[in-house]
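# A closer look at the structure
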Amino acid sequence: GNYTDYLRPRVHFSPPRYFMNDPNGMHRDPSGTWHIYYQYNPLTPVAGNQHWGHATSKDLYTWENQKIAVWPPNNYTYVFSGSAVIDSNNTSGFFPDQDNGVVAVYTLAEYPGGEAGIQYQAIAYSRDDGYTFEAYDRNPVLNINSTQFRDPYVIWHEPSRHWVMVIAYAAEYVIGVYTSPDLKEWTHASNFTKHGYLGTQYECPNLLQMPMKGGDPVWFLVISLNPGGPRGGSISQYFVGDFNGTHFEPFDDATRFTDFGKDNYAAQFFHNVPANEPQIALGWASNWQYTQLVPTGLLEHGQFRSAMTVPREHYIANVSARGYDLISGIHNVSAIIDEELAFNSSLGNGTILAYFGDVPSGAFYLEANITNLTSTLQGTANFTISSSVSGEYISGGINAAGSPGIWVDRGHIRGFDNPYFTDKFSEEGVLAPNSTTWSLSLLYDNSILEMFLNGAQQAGTVTFFPERRLDTLAIYVGGIPESAGSSVAVWSLKDTWA
Ligand code: FRU
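Procedures and definitions
- Residues numbered from 1 in each chain as written.
- Predicted model: local features only at pLDDT ≥ 70, side-chain atom pairs only at ≥ 80, totals over all residues.
- Heavy atoms only, no water.
- Buried < 20%, exposed > 50% of the residue type's maximum accessible area, 1.4 Å probe, protein only.
- Helix = DSSP H or I, 4+ residues; strand = E, 2+ residues; numbered from the N terminus.
- Pairing = 2+ DSSP bridges.
- UniProt positions renumbered as here; feature names shortened; annotations may be inferred.
- Salt bridge = Lys/Arg side-chain N within 4 Å of Asp/Glu carboxyl O.
- Lys, Arg positive; Asp, Glu negative; His and termini not counted.
- Polar contact = N/O pair within 3.5 Å; in protein donor to acceptor, adjacent residues only side chain to side chain.
- Contact = heavy atoms within 4.5 Å.
- Near = heavy atom within 4 Å.
- Areas by Shrake-Rupley, 256 points an atom, 1.4 Å probe, with all protein chains shown as cover.
- Nonpolar A, V, L, I, M, F, W, Y, C, P; charged D, E, K, R; others polar.

Next up on the list: the pairing of strand 15 (residues 218-225). Most of strand 15 is tucked away, with eight of its eight residues classed as buried. Here strand 15 shows a buried face lined by Val-218, Phe-220, Val-222 and Ser-224 and a second buried face lined by Trp-219, Leu-221, Ile-223 and Leu-225. Relative to strand 15, strand 14 (residues 202-210) runs antiparallel, the two being bridged by seven bridges. Directly across from Leu-207, in strand 15, lies its bridge partner Leu-221.

Under the UniProt annotation, the feature "domain: Glycosyl hydrolase family 32 C-terminal" (unreviewed entry) is placed at residues 359-491. Annotated as 0% helix and 51% strand, the span residues 359-491 places its first and last C-alpha atoms 10 Å apart.

A separate point is the pattern of salt bridges. Taken as a whole, this structure holds 11 salt bridges when the rule is applied. We note a salt bridge from Arg-256 to Asp-252, for which the minimum N-O separation is 2.9 Å. Accessibility expressed as a relative area gives 2% for Arg-256, which makes it buried. For Asp-259, the salt bridge goes to Arg-312, with nearest N and O atoms at 4.0 Å. Linking Asp-259 in the loop between strand 17 (248-250) and strand 18 (265-269) with Arg-312 in strand 21 (residues 312-317), this pair joins segments that are 53 residues apart in sequence.

Right, let's get into the UniProt feature "domain: Glycosyl hydrolase family 32 N-terminal" (unreviewed entry) in the protein. Sequence positions flagged by UniProt for "domain: Glycosyl hydrolase family 32 N-terminal" (unreviewed entry) are, in local numbering, residues 12-316. With 0% helix and 48% strand, residues 12-316 has its two end C-alpha atoms placed 25 Å apart.

Next up on the list: the sheet that holds strand 20 (residues 304-305). Strand order across the open sheet formed by five strands is 4-3-2-1-20, with mixed pairing between neighbours. Strands with a single pairing partner mark the edges of an open sheet, and in this sheet they are strand 4 (63-70) and strand 20. As paired strands, strand 1 (residues 18-28) and strand 20 are joined by two bridges and run parallel to one another. Bridging across to strand 20, Phe-19 finds its partner in Arg-305.

For Asp-5, the location among the structural elements is in the segment before strand 1. For the buried residue Asp-5, which engages in no salt bridge, the nearest side chain bearing the opposite charge is Arg-8, 6.8 Å off. At a separation of 2.9 Å, a polar atom in the side chain of Asp-5 contacts the side chain of His-301.

Turning our eyes to something else, we now look at the side chain of His-27. Take His-27: it is sitting in strand 1. Of the polar contacts made by the side chain of His-27, one reaches the backbone oxygen of Gly-25; its length is 3.0 Å. Not counting chain neighbours up to four residues away, the residues in contact with His-27 comprise Thr-33, Trp-34, His-35, Tyr-37, Ala-84, Ile-86, Val-102, Phe-270, His-271 and Asn-272.

To continue, consider the site of the ligand. Around the ligand, the structure places Asn-21, Asp-22, Gln-39, Gln-50, Phe-80, Ser-81, Arg-150, Asp-151, Glu-203, Cys-204, Tyr-265 and Trp-288. One of the side-chain N or O atoms of Asn-21 is found 3.0 Å from an oxygen atom in the ligand. A distance of 2.7 Å separates an oxygen atom of the ligand from a polar atom in the side chain of Asp-22. Isolated, the ligand exposes 320 Å² of accessible area, and the fraction of that covered by the protein chains is 94%. Elements with a contribution of two residues or more to the shell around the ligand: strand 1, strand 5 (77-86), strand 10 (149-157) and strand 14. For the shell around the ligand, a count of residues per class yields four nonpolar, four polar and four charged.

Given below as structure tokens:
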């Protein structure tokens, strides 16, 4: 893979070449290595012919591409999304001599003669830490003769001492819960049916325990839906509740989305992060509405399509009036910080400019902190990131007092034109009325921008495809009283692919 094109993210994972979609099989192995697998077409820059691509990392930023890990069993079957677990007690019997065996659980989707056929669940085991897999010789392990039954996510439920699978009956808006003693025999336990926003299909559920600020850990169910998201195409929603080993019971039935942008789909949470620690996930930073058309797939850009988000760490907290908010911030950004590009700890109302055209990675991280506001919501912090050559720009920011709240606009970027590639995304009413501080953080990486209110409270992910490399950042703080303070810092980011 060639990771030098100006549209290539340099602190995000993207495939060496051709087409990637959902993250799969994410886990941390006993030696501490993080494994990501992903939906991968190794032949062309559009979806199809899915395998599980594979990459590993020690820090979730510096990735080493590995060989394809899971292959289709024949030429009319695709390997769709799924998960991987470490079977340390050898419940499956695949690992008589080891406690670090890995079992991948995934969907096989048949396309006989190119027509969509049945989708059923299969397993494969790895005796070498997840680098190579052998398919179970009695696959499938779960087949209900459906053409819309996919994306198994499996966890070990210690209190009931069994495996739990959540899986989408995609067209029926059902998440099924199955249990198993050995990953081979699966028993249906319950259905979670028609909750939240329905869209057109449910996909890629994850079920796991999540820390709750100021309380006991809660259970978290995230469901992706596509097409038919409220902003068009793909989006993910989540539910917070209880899980007893067979049934998930949400605390309420409110609809909550994971992101206010349009490019964060099918996130998967890593296994083997302790339940009392923030839970780490990567999302697929794209959207089915236009992912197969974006210009990174052209020969001149190296024919890669899609990247993952940076690693995000998550917990639940009551910050909005509705409560049970997903807090999703960047995991350990200090691992990728390189040099200070700009810093002003007493900016007040004012502007900071930073030229980053000579930063080798083309990527930077920004934090703006507004403090000591007098009483109510005050102030704005808006940015533009532009090309001094072409004049195109992406802009956004936070408008604490009013509308549009936290916002981003990619409409003045010129390298990709498509009716579904809509411009403006925002979230309103995002600050507590009595807050006297707020902050904006932003991670910019060539063709992906991730922005956050208060570190992690509202996350927005957008891709953008400029004609020329952007090189100039301007950030404007306004509307804060004299007694308030503002500080802005900008750092270049390392090139983790160099
Ligand atoms: C979600 C999805 C999954 C499926 C995979 C196929 O993006 O449609 O439901 O398993 O992609 O690549």
